[in-house]
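# Architecture and fold: a report
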Amino acid sequence: MSEPEDLDSPELAARPSRPGGSAGPPSRASRFRKAAPPSLLRLELVGHCDPGCAECAAPFKPGAEPPAFMEWELLTRLLEQLPKLERLRLEGVGEPMRHPRFFDAVAHAVAKGVRVSASTGLADCDEAGVARLAGSGLEHLEVAVDGATRETFEALRAPARFSRVLRNLSELRRVKERLGAARPTVAFVATAVRENLAELPALVRLARRLGVARVVVRNLAHDFSEATLSDVYRPIRDWVRAQALSREDPERVRRHFSRAREASVECGVDLRLPGSGGAGRCREPWDGLSLSWRGIAMPCGMLAVPERARLGDAAADGAASVWNGEDFGEFREALASDAPPDVCRGCALYRGIL
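Residues numbered from 1 in each chain as written. Predicted model: local features only at pLDDT ≥ 70, side-chain atom pairs only at ≥ 80, totals over all residues. Heavy atoms only, no water.

### Examining the overall build of the protein chain
Worth spelling out the cut-off: Helix numbering and strand numbering both begin at the N terminus, where a helix is a DSSP run of H or I of at least 4 residues and a strand a DSSP run of E of at least 2. The classification of residues rests on relative accessible area computed with a 1.4 Å probe and restricted to protein chains. Under 20% of the type maximum is buried, over 50% is exposed, and intermediate values are partly exposed. In this description, contact between two residues means that some pair of their heavy atoms is separated by no more than 4.5 Å. Only the protein chains shown count as cover for residues, and the accessible areas themselves come from Shrake-Rupley with a 1.4 Å probe.
Scanning the protein chain for helices and strands turns up 13 helices and 9 strands. When the 354 residues of the protein chain are sorted by exposure, 54% land in the buried category. Residue pairs at least 24 apart in sequence account for 74% of intrachain contacts in the protein chain once pairs closer than 6 positions are excluded. By element, 49% of the accessible surface of the protein chain is carried by carbon and sulfur atoms, the whole surface being about 15700 Å².

This is how it looks when you write it as structure tokens:
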């Protein structure tokens, strides 16, 4: 298979592709019924990331060499174009707190009455940055913690340092207590794989020690099985196949999930474990708009890289035009049918097992 085109590059910015992969001209009008304006925006502030996290597509993403930061003018323009926006999630393949105007972005959105959350590894933040979180207006922080021991965490999250993440979490708790601040609320988010399954009970206890009230455990988001995917993604596809809990002894999974539930009751920590299945539950392309750092639209936040399903260019054509354009309409129609887009078939959210 040939190398993929850089679908997130300026040269291709005016070439939206259909869910099946064929290119077509931009469309200003749509034959599909208009979707209600999105109340949620998932925004990738940073498009580059240090290689390391085993389940992440970032090392294979073309055209996102550092620095890949969303331009401030684009960010503010997008927020102006979405007057019904209620929530902003700062997430993506890159660490959002690396953006030089991360706190400005939070403040700008909060001033518009938008509730802001962020997904972070909390490994790059220094003490001053952690202290700013408590007074930033950020409502919620999801911290990726995929292991309860240094060995497991750093095997799955290298080059992040386990000790630094724990230090930053402790510092955030201390600053919040000193200021009497309730926000941001903090949750651990862990991707459950065969390698860390046995540590889930200990992860719940670690959360309790650090004052974290919620632990969200998820299955791997995607199996990267779509036929249109370039062979460049083969390493992550192979890793997912080796580590997915679907390949694990079901009795071992049940045993460790049960022990994690017991730990949550013992510690008073809210625990969410992955679902048991049920395809067709996805509402992502109706409920929220997902944009890459260059404004390229994706159907959801699960895909990570726009080349997998590119639904328009909000930077060039505007958020509203993309949201109710032909590409989004076709994708929604297919997703609601008995023949969903190929890229959705391997998604844990669509299959109800996230």
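### Notes on the packing of aromatic side chains
In plain terms, the rule: Aromatic pairing here means that ring centres of Phe, Tyr or Trp (its six-membered ring) are within 6.5 Å. Orientation follows from the plane angle: under 30 degrees is stacked, over 60 is edge-to-face, and everything else is tilted. For a ring to carry a charge above it, either NZ of a lysine or CZ of an arginine must fall within 6 Å of the ring centroid while also lying within 35 degrees of the normal to the ring plane.
This model, assessed by the stated rule, comprises 4 aromatic pairs. When the ring of Phe-153 is compared with that of Phe-162, the centres are 5.2 Å apart and the planes differ by 40°; the resulting orientation is tilted. Accessibility expressed as a relative area gives 8% for Phe-162, which makes it buried. In this structure, Arg-101 packs its charged tip against the face of Trp-72, placed 3.9 Å from the ring centre. The ring centre of Trp-323 lies 4.4 Å from the NZ or CZ of Arg-332, which sits over that ring.

### Side note on the pairing of strand E3 (residues 115-120)
Just so we agree on the cut-off: Should DSSP find at least two bridges between two strands, the strands are regarded as paired. By convention, orient the strands away from the viewer: a clockwise path from the first strand over the helix to the second makes the crossover right-handed.
With 4 bridges connecting them, strand E2 (residues 87-90) and E3 associate as parallel partners. The residue bridging Arg-87 from the neighbouring strand is Arg-115, located in E3. Once the chain exits E2 it traverses helix H2 (residues 102-111) before rejoining the sheet at E3, and the crossover so formed is right-handed. Pairing of E3 with strand E4 (residues 140-144), which is carried by 4 bridges, proceeds in the parallel orientation. From the neighbouring strand, Ser-119 faces E4, where its bridge partner is Glu-142. For the handedness criterion, the β-α-β arrangement of E3, helix H3 (residues 127-134) and E4 is classed as right-handed.

### Some details on the pairing of strand E1 (residues 40-43)
Two faces, one strand: in a regular strand the side chains alternate between the faces of the sheet. Burial along E1 is two-sided: Leu-40 and Arg-42 facing one way and Leu-41 and Leu-43 facing the other are all buried. Summarising the sheet, E1 and E2 pair through 4 bridges and their orientation is parallel. Bridge assignment links Leu-43 to a residue of E2, and that residue is Leu-90. As paired elements, E1 and strand E8 (residues 288-291) share 4 bridges and run parallel to each other. Considered in E8, the bridge of Leu-43 is made with Leu-291.

### Describing the side chain of Asp-146
As a reminder of what qualifies: The definition of a polar contact used here is a pair of N or O atoms within 3.5 Å, where within protein one atom must be able to donate a hydrogen and the other to accept one, and adjacent residues in sequence count solely through side-chain atom pairs.
Among the secondary structure elements, Asp-146 is positioned in the loop between E4 and helix H4 (150-157). A distance of 3.0 Å separates the side chain of Asp-146 from the side chain of Arg-157, its partner in a polar contact. In this structure the side chain of Asp-146 is engaged in a polar contact, spanning 2.8 Å, whose partner is the backbone nitrogen of Thr-191.

### Some remarks on the sheet that holds E8
Read across the sheet, 9 strands follow the order E7-E6-E5-E4-E3-E2-E1-E8-E9 without closing on themselves; strand pairing throughout is mixed. Both edges of this open sheet fall to strand E7 (270-272) and strand E9 (297-298), since each of them pairs with a single strand only. Relative to strand E6 (residues 214-218), strand E5 (residues 185-191) runs parallel, the two sharing 5 bridges. Within the sheet, the bridge partner assigned to Thr-191 lies in E6 and is Arg-218.

### Here we look at the environment of Ala-213
Within the fold, Ala-213 resides in the loop between helix H6 (200-209) and E6. Between the C-alpha atoms of Ala-213 and Phe-188, which are 25 residues apart in sequence, the distance is 8.6 Å. Among residues more than four places away in sequence, those in contact with Ala-213 are Val-186, Val-269 and Asp-270.

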